[in-house]
Amino acid sequence: MSAAADAPVVVGVSGSEQSLSVVRLAAREAAEHGRRLCVLHAFNWEAALAAPSVVGPRAEAEEAIARAVAVADEVAPDLRVDGQLVEGAAVAGLLRRSESAFLVVVGDGGLSSRDCVPADAAAVQVAARAGCPALVARLAPPPSGPVLVGLDGSATARSALDFAADCAGRHDGRLRAVRVVEPGADDDRADRELAETVDRCGRRFPMVTVEREVLRGDPGHTLVEQSRSARLVVVGTRGDQPLRGMLGAVSQSLLYHAPAPVLFVRGVVDTDDGGR
């Protein structure tokens, strides 16, 4: 899960007003983590060559990058920002860059307002297939609550906890760790396991104040409800190469329905992933 010291935060922009809100979130994350920001805009040469002049589409693409860089500079004036045109489809470009990135950020494309979400939607593809943690931004700004992390006892979830604690420590130090168990489960055992996991993390991140809680219910639905008061939700997802491209039920619920931004951490290989 470790990234190179110079690995950037990567964000894709389309030139729309909505994509600028994604840039703002990406700039804040880059600044908090001490990373540079790389702004990508996909340029379709085939469409440009079919236009009366390639100059117009190229100028529009460069303008989209310039606007995004200016917005990032407003958010974090000291942030190093690079703007790049990439040839081809936007998702393919983001996935390529994710292999050497610290974090990739993408907008949700209005997922929560759709009854049927296509599997090829950019947010779905990036969350499922990125080679680094992927942050899906929302159009509406989140509340000023804590970072929320969902845990299920797996090694992947522990990786998500470390990432969430790091995010919280670089912001206001507030972290909420939640484990959701099915009705009939041993609450005491779940609480002991959660306490042990949180205590190990606390030794690594002493600046973070962790509130932990075991809740009963459906994990996906419960975490979506808990996310309504979070500024960021962090969840572990599958990290093994053969299954890359798949999201478990919990990750899908958060991607489609959580009102807060959701950060998907691709952790270590774990055969018992609890449906994540």
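The notes below deal with the structure included here. Model, not experiment: these values are computed from the prediction.

A look at the pattern of salt bridges
(1) Moving on: Counted under the stated rule, the structure contains 14 salt bridges.
(2) Moving on: Across the pair D82 and R36 runs a salt bridge whose closest N-O atoms are separated by 3.0 Å. One end of the pair, D82, is in strand β3 (residues 81-87); the other, R36, is in the loop between α1 (17-33) and β2 (37-43), and 46 residues separate them in sequence.
(3) Moving on: Taking relative accessible area as the criterion, R36 reaches 22% and is therefore assigned partly exposed.
(4) Moving on: Among the ionic pairs, D191 bridges to R212, the shortest N-O distance being 3.9 Å. Of this pair, D191 sits in helix α7 (residues 187-204) while R212 is found in strand β8 (residues 209-216), placing the two residues 21 residues apart along the sequence.
(5) Moving on: Put simply, R36, R80 and D82 are held in one network by salt bridges that share partners.

A few points about the nonpolar core
(1) Moving on: Core analysis: the largest hydrophobic core is formed by 45 residues, its most contacted members being L37, V149, L175, V234 and L263.
(2) Moving on: If one sorts the elements of this core by residue count, helix α6 (residues 155-169) sits on top with eight residues.
(3) Moving on: If near-sequence neighbours (up to four positions away) are discounted, L37 is found in contact with V9, V11, A26, A27, A30, A72, L79, R80, V81 and D82.

Description of the sheet that holds strand β1 (residues 9-12)
(1) Moving on: The strand order β3-β2-β1-β4-β5-β10-β9-β6-β7-β8 describes an open sheet built from 10 strands, whose pairing is mixed. Looking along the sheet, the strands with just one partner apiece sit at the ends: β3 and β8. Going from strand to strand, the sheet's axes swing by 25° on average, the running direction of each strand aside.
(2) Moving on: With four bridges connecting them, β1 and β2 associate as parallel partners. Looking across to β2, one finds that G12 is bridged to L40.

Concerning helix α4 (residues 90-98)
(1) Moving on: Within α4, the full set of buried residues consists of V91, G93, L94, L95 and S98.
(2) Moving on: In this structure, the buried residues of α4 make contact with β1, β2, β4 (103-107) and α5 (122-129).

Regarding the packing of aromatic side chains
(1) Moving on: A full pass over the atoms with the stated rule returns one aromatic pair.
(2) Moving on: Taken together, a centroid distance of 5.7 Å and an interplanar angle of 25° make the contact between F102 and F163 stacked. Here F102 is found in the loop between α4 and β4, whereas its partner F163 is found in helix α6, with 61 residues between them in sequence.
(3) Moving on: The exposure class assigned to F102 is buried, which follows from its relative accessible area of 11%.
(4) Moving on: Relative accessible area serves as the criterion here: at 9%, F163 is assigned to the buried category.

Cut-offs applied
Residues numbered from 1 in each chain as written. Predicted model: local features only at pLDDT ≥ 70, side-chain atom pairs only at ≥ 80, totals over all residues. Heavy atoms only, no water. Salt bridge = Lys/Arg side-chain N within 4 Å of Asp/Glu carboxyl O. Helix = DSSP H or I, 4+ residues; strand = E, 2+ residues; numbered from the N terminus. Buried < 20%, exposed > 50% of the residue type's maximum accessible area, 1.4 Å probe, protein only. Core = buried A, V, L, I, M, F, W, Y, C linked by side-chain atoms within 4.5 Å. Contact = heavy atoms within 4.5 Å. Pairing = 2+ DSSP bridges. Axes fitted to C-alpha atoms, helices over the stretch in contact; angles between N-to-C directions. Phe/Tyr/Trp six-rings, centres within 6.5 Å; stacked < 30°, edge-to-face > 60°.

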